[in-house]
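Chain and residue survey
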Amino acid sequence: GERECGEKSGEEWVAIESDSSNVLKRPDLHRMMETTAQKLRLMGGTVELVDIGEQELPNGQTLALPKVVTATFGTDPNKHTVCVYGHVDVQPAKLEDGWATDPYNLTDINGNLYGRGASDNKAPVLAWIHAVEAYQALSMELPVNVKFVIEGMEETGSNGLDAMILAQRDTFFSDVDYIIISDCGWLSRRPALTYGTRGNCYFFAEVEGPKQDLHSGVYGGTVIEPMTDLIGILDTLISPSGKILIPGIREAVAPLSDEEWKMYQDIQFDMDSYKNKIGVTQLMYSNKVDLLAHMWRYPTVSVHGIEGAFSDSGSKTVIPAKVTAKFSIRQVPNMDPAMVKKQVTDYLHSVFAKRKSPNKLKVTMVIGAKPWLADTQHPLYEAGKAAVKRVFDMDPDLIREGGTIPIARTFQDVTGKSIIMMPIGGFDDGLHSQNEKMSRFDATGFTLVSSHFTLQEVLEQETGYE
Ligand SMILES: *[C@@H]1O[C@H](CO)[C@@H](O)[C@H](O)[C@H]1NC(C)=O
Ligand SMILES: [Zn+2]
């Protein structure tokens, strides 16, 4: 019955087009939050749909944000309290984007369950809910109190969630001991625990010259072009071999320890399938340790685009009057976004000054998300390792994420509690892409892991309880 029941929820959840980026789908998103709340209510949880206000749209109109679902199972002060965070909104998906099946009709093909949101993040949320359900079905007392925080705006930046966490710090979160996030993926077929994510500092660099766009035939050769200035300074950020040239950035990075090197060496990772996956013949580094280290624990500069530049097809002979480059620098320990902001701004102004251009440069940092790093020897991680070992009969890879999961940092900063990231998704799940799926192997194993983990291992590790 448990498995049947779980699959029914999975189908029902994937069938709801809870795309948080599409304002026309907002009613579906509200329905998704209500469906999630109802499932938790039927299980006997104390459930709230927390109003987190409205969002302002570019056209000035406002739109209600999806409520955040909180749920509590057990309030025994003698037990530890574990809080699971997840999200039930999804990225957009259309059959005509190249899906082999209807993205909102969960379809089982050879043990893979295809559907938008299957891996990111509906199945992981359900896996934790099923862990509680499994105890209930077996009439076993929950040995820890379990809480859930489930949001519906993760894919568009978790609007309103930071404020909600801050507002409930001394209420809902006051008795939380541990926070669990399963919104990431394994690196290979081997289960993994994630102990770090990179932050991100996102910059705009604007160069402004003439008061309007000019014709290159008429004015070319008489003006110092903003685009030339901009490309010139962008080219000073990073060397062709990937060395960041901004003074102070590399110096701030925590050195790679011997233990870390050894750990990376042991991780299951295939360079060739990685190359095939992204469709390149050569990577920045040719050995696994260097590649993983630069994916996870070194900063990098990525140039994303230039606003105001001519980018349509065809050949327009324009001299753009104002161009704005968008670039970002992934953050790792011990970089500090406030310091990075100053380093980047000072550096770009100094290289710009050397050009002796009459144009104006303006540098702004629009996002400053810090990295997150956990101690892999912490009891939470020891419990996670033991649970994976028991269920999958292998040790998990200890991995990091190159991307940013800002909510981890918020939880840590606001609640001061320890966090573990326990991925459930496979490396080939196609998050945010066509044919997203969750494999039964991962999901079933994980439900077992999560039930062992929340309800038993943490206790044993923390208190010696057997
Ligand atoms: C989902 O797909 C299955 C198999 O292709 C089909 O039988 C079923 O009718 C579909 N359900 C919906 C709601 O479209
Ligand atoms: Zn996600």
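Computed from a predicted structure; not experimentally measured.

Criteria and cut-off values
- Residues numbered from 1 in each chain as written.
- Chains lettered and ligands numbered in written order.
- Predicted model: local features only at pLDDT ≥ 70, side-chain atom pairs only at ≥ 80, totals over all residues.
- Heavy atoms only, no water.
- Domains from an automatic or database assignment.
- Contact = heavy atoms within 4.5 Å.
- Buried area = accessible area lost by both parts, 1.4 Å probe.
- Salt bridge = Lys/Arg side-chain N within 4 Å of Asp/Glu carboxyl O.
- Polar contact = N/O pair within 3.5 Å; in protein donor to acceptor, adjacent residues only side chain to side chain.
- Helix = DSSP H or I, 4+ residues; strand = E, 2+ residues; numbered from the N terminus.
- Buried < 20%, exposed > 50% of the residue type's maximum accessible area, 1.4 Å probe, protein only.

Re the domain arrangement of the protein
If you check the domain split of the protein, you get domain 1 (2-197 + 371-464) and domain 2 (199-254 + 297-369). Placing the centre of domain 1 and that of domain 2 at their C-alpha centroids yields a distance of 37 Å. On the side of domain 2, 8 residues touch domain 1, which itself brings 7 residues to the contact. Taken over both partners, the interface formed by domain 1 and domain 2 buries close to 590 Å², and the fraction arising from carbon and sulfur atoms is 62%. Per-residue buried area on domain 1 facing domain 2 is highest for Pro-371, Arg-400 and Thr-404; these three make up 76% of the total on that side. In this structure, the connection of domain 1 to domain 2 is made through 0 salt bridges. The tally of links from domain 1 across to domain 2 stands at 1 residue pair in polar contact (both at pLDDT 80 or more).

Focus: unusual backbone geometry
Both trends apply: most residues other than glycine have a negative phi, and most peptide bonds are in trans. Geometrically, the link from Asp-120 to Asn-121 is a cis peptide bond, its omega value of 15 degrees lying close to zero. Assignment of secondary structure puts Asn-121 in helix α3 (residues 118-137). With a phi close to 50 degrees, Lys-356 is a non-glycine residue in the positive phi region. Relative to the assigned elements, Lys-356 resides in the loop between α11 (337-354) and β16 (360-369). The phi dihedral of Asn-435 falls on the positive side, at around 55 degrees, and the residue is not glycine.

Observations concerning the pattern of salt bridges
Applying the stated criterion across every chain yields a total of 22 salt bridges. In this structure, Asp-428 engages Lys-437 in a salt bridge whose closest nitrogen and oxygen atoms are separated by 3.0 Å. A relative accessible area of 7% places Lys-437 in the buried class. In this structure, Lys-437 engages Asp-429 in a salt bridge whose closest nitrogen and oxygen atoms are separated by 2.7 Å. Looking at Asp-429, the relative accessible area reads 1%, which means it is buried.

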